[in-house]
Amino acid sequence: MPEYTSIKKNRDTVERTRIVDRLLALRDQLDRQIPAKTATDTLLLATWNIREFSDNRRNESLHYLAEIVSRFDLIAIQEVANNMDGLQRLVALLGQNWDYIVTDSTAGVAGGSERMAFVFDKCKVFFRKMAGEIVLPDSKLINKETQFARTPFSVAFQAGWFKFILTTVHIYYGKQGDEDPRRVEEIATIASFLKDRAKKEDESYILLGDFNIANIGDATMKALEKQDFYVPKAIREHPSDLAKTRHYDQIAFKLKIDTNMTVFSEENQRAGTFDYTETVYTANDLDIYRGFFDEKYTLGKTEKQVSNYYLKTWRTFEMSDHLPLWIELKIDFSNQYLENINTMTAPKNPKRRSK
């Protein structure tokens, strides 16, 4: 549960009341739309591109972000800025049971000085002491000449019985439409790279993050699936932009587990996006927040222009222009493990130790 002490200390009674009321509404929405956490049975995994996440959020917004993040066990966050103040304040609000692992900032214009992070609940998730950014060998360079615009980040985790390597990406967007050639090539390259690793290692791989996939029928999505990564139907049917028309974010699997162990069942488990705009920074909240806008966005502007600025720009820099995408995974395989023991062939003529 996030920390609420700073709300109590807020001397602006109007803002304090609003934050409390909105948090209560947000908590109710989360209760209805996100499965409850379990101690050992399931893992709630999520990915969220939090737009240019730096020290640029108001305290109110950080409380809303923390409330959402706290409902998951492990979340990949893209677009963490070189200035990590926002991320650190978020984790502080989550409480002492939470931790994070973050990359160095990416150099170059295409990288935008961006970091990628994993934020996780230590009560559920164990860091297996392996983390690294993926650097391609010469034989696998994108278009035979370049690395990723933003280096993918791989970390080994364990939750319950489930050991896995989680790789997060923020794929190059480009300027050549929904199927920009470099975007397609980056997706194909990271999927192929991890596929080759999975063949050599006894590890399960999960690839997630912002792939900048516009439509699930595009070459971008096909580039991911051609490398035998499985994207659950429950993920494929949920667009993750605010307009709910684009499938930018994805969660894909390449697992190495016993055949009787099911990490995700379409019939019995859930996945989806969480639309925070139903309860915080809603379409009807313009008048509440217009006093926070820079005057250059309001002076001489029509009401429609001001409204568009609030909906498409201002609130997305307070929260995000993406929705968190999440999935519920099964991580308790104790029954299956015991059943496997029973199916083992007993050793023939076991030798007795001499006394």
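Residues numbered from 1 in each chain as written. Predicted model: local features only at pLDDT ≥ 70, side-chain atom pairs only at ≥ 80, totals over all residues. Heavy atoms only, no water.

1. Comments concerning the overall build of the protein
Here comes step 1: Counting its regular elements, the protein contains 10 helices and 11 strands.
Here comes step 2: Counting only C-alpha atoms and orienting by the principal axes, one finds that the protein spans roughly 90 × 50 × 35 Å.
Here comes step 3: Nonlocal contacts in the protein, meaning residues at least 24 apart in sequence, comprise 76% of its contacts between residues at least 6 apart.
Here comes step 4: Roughly 17,500 Å² of accessible area belongs to the protein as shown, and the carbon and sulfur atoms make up 48% of that amount.
Here comes step 5: Measuring between centres, the 51 positive side-chain charges of the protein sit 5 Å from its 52 negative side-chain charges. (Helix = DSSP H or I, 4+ residues; strand = E, 2+ residues; numbered from the N terminus. Contact = heavy atoms within 4.5 Å. Areas by Shrake-Rupley, 256 points an atom, 1.4 Å probe, with all protein chains shown as cover. Lys, Arg positive; Asp, Glu negative; His and termini not counted. Charge placed at Lys NZ, Arg CZ, Asp CG, Glu CD.)

2. Some thoughts on helix α9 (residues 303-318)
Here comes step 1: The sharpest bend along α9 reaches about 40 degrees and sits at Tyr 310.
Here comes step 2: The set of residues buried in α9 consists of Val 306, Tyr 309, Tyr 310, Trp 314, Arg 315, Thr 316 and Glu 318.
Here comes step 3: Buried residues belonging to α9 abut β1 (42-53), α3 (59-69) and α8 (286-289). (Bend = angle between axes of the 7 residues up to and from the residue. Buried < 20%, exposed > 50% of the residue type's maximum accessible area, 1.4 Å probe, protein only.)

3. Structural notes on the pattern of salt bridges
Here comes step 1: Evaluated as defined, the whole model comprises 24 salt bridges.
Here comes step 2: For Arg 58, the salt bridge identified is with Glu 15, shortest N-O distance 2.6 Å. Taken together, the residues span a long stretch of sequence, with Arg 58 in the loop between β1 and α3 and Glu 15 in helix α2 (residues 13-33) at a distance of 43 residues.
Here comes step 3: For Arg 58, a relative accessible area of 16% gives the class buried.
Here comes step 4: For Glu 303, the salt bridge goes to Arg 290, with nearest N and O atoms at 2.6 Å. Taken together, the residues Glu 303 in helix α9 and Arg 290 in the loop between α8 and α9 connect sequence positions 13 residues apart. (Salt bridge = Lys/Arg side-chain N within 4 Å of Asp/Glu carboxyl O.)

4. Some thoughts on the packing of aromatic side chains
Here comes step 1: Following the criterion strictly, the structure yields 19 aromatic pairs and no others.
Here comes step 2: Where Tyr 281 meets Tyr 289, the ring centres are 4.7 Å apart and the plane angle is 45 degrees; that geometry is what we call tilted. There is no split in this pair, since Tyr 281 and Tyr 289 are both buried.
Here comes step 3: Considering the side-chain rings of Tyr 297 and Tyr 309, the 4.2 Å spacing of their centres and the 10 degrees angle between planes classify their relative orientation as stacked. (Phe/Tyr/Trp six-rings, centres within 6.5 Å; stacked < 30°, edge-to-face > 60°.)

5. Quick notes on the environment of Glu 267
Here comes step 1: Note on placement: Glu 267 falls in the loop between β9 (249-254) and β10 (271-273).
Here comes step 2: Sequence separation between Glu 267 and Ala 234 is 33 residues; the distance between their C-alpha atoms is 9.9 Å.

6. Considerations on a nonpolar patch on the surface
Here comes step 1: Residues Trp 161, Tyr 337, Leu 338, Ile 341 and Met 344 make up a contiguous nonpolar surface patch of roughly 550 Å² in combined accessible area.
Here comes step 2: Checked against the element boundaries, Trp 161 lands in the loop between β6 (153-159) and β7 (162-170).
Here comes step 3: A relative accessible area of 42% means that Trp 161 is categorised as partly exposed. (Patch = residues over 30% accessible without salt bridge, like charges linked within 9 Å, V, L, I, M, F, W, Y side chains within 5 Å.)

7. A short note on the packing of α2 against α3
Here comes step 1: The N-to-C vectors of α2 and α3 enclose an angle of 20 degrees; their axes lie 10 Å apart at closest approach. By the angle between their directions, the pair α2 and α3 is classed as roughly parallel. Between α2 and α3 lies a crossing whose hand is right-handed. Contact with α2, carried on its side by Glu 15, Arg 18, Ile 19, Arg 22, Leu 23, Leu 26, Arg 27 and Leu 30, involves Glu 60, His 63, Tyr 64, Glu 67 and Ile 68 of α3 and no other residues of that element.
Here comes step 2: For the contact of α2 with α3, the class distribution of residues is 6 nonpolar, 1 polar and 6 charged. (Axes fitted to C-alpha atoms, helices over the stretch in contact; angles between N-to-C directions. Parallel < 35°, antiparallel > 145°, perpendicular 65-115°, else oblique. Left-handed = near helix turned anticlockwise from the far one by under 90°. Nonpolar A, V, L, I, M, F, W, Y, C, P; charged D, E, K, R; others polar.)

8. Some details on unusual backbone geometry
Here comes step 1: One non-glycine residue, Lys 144, lies in positive phi territory at about 65 degrees.
Here comes step 2: Note that Lys 144 resides in the loop between β5 (126-133) and β6.
Here comes step 3: Take Lys 144: its relative accessible area is 77%, and that puts it in the exposed class.
Here comes step 4: Non-glycine residue Asn 212 carries a positive phi angle of around 55 degrees.
Here comes step 5: Tracing the backbone shows Asn 212 in the loop between β8 (205-210) and α6 (219-225).

9. Here's the deal with α2
Here comes step 1: In this model α2 runs 30 Å from its N-terminal to its C-terminal C-alpha over 21 residues, within 8% of the 30 Å that 1.5 Å per residue would give.
Here comes step 2: Looking at the packing, one finds that the buried side of α2 touches α1 (5-8), α3 and α8.
Here comes step 3: The opening residue of α2, the one whose side-chain oxygen lies 3.1 Å from the backbone nitrogen of Val 14, is Asp 12. (Expected span 1.5 Å × (residues − 1). Polar contact = N/O pair within 3.5 Å; in protein donor to acceptor, adjacent residues only side chain to side chain.)

10. Some words on the sheet that holds β10
Here comes step 1: Taking strand neighbours across the sheet as the criterion, the 6 strands line up as β3-β4-β2-β1-β11-β10 in an open arrangement whose pairing is mixed. Every other strand in the sheet has two partners, leaving β3 (98-102) and β10 as the edge strands with one partner each. Averaged over all neighbouring strand pairs, the angle between strand axes comes to 20 degrees, with direction disregarded. (Pairing = 2+ DSSP bridges.)

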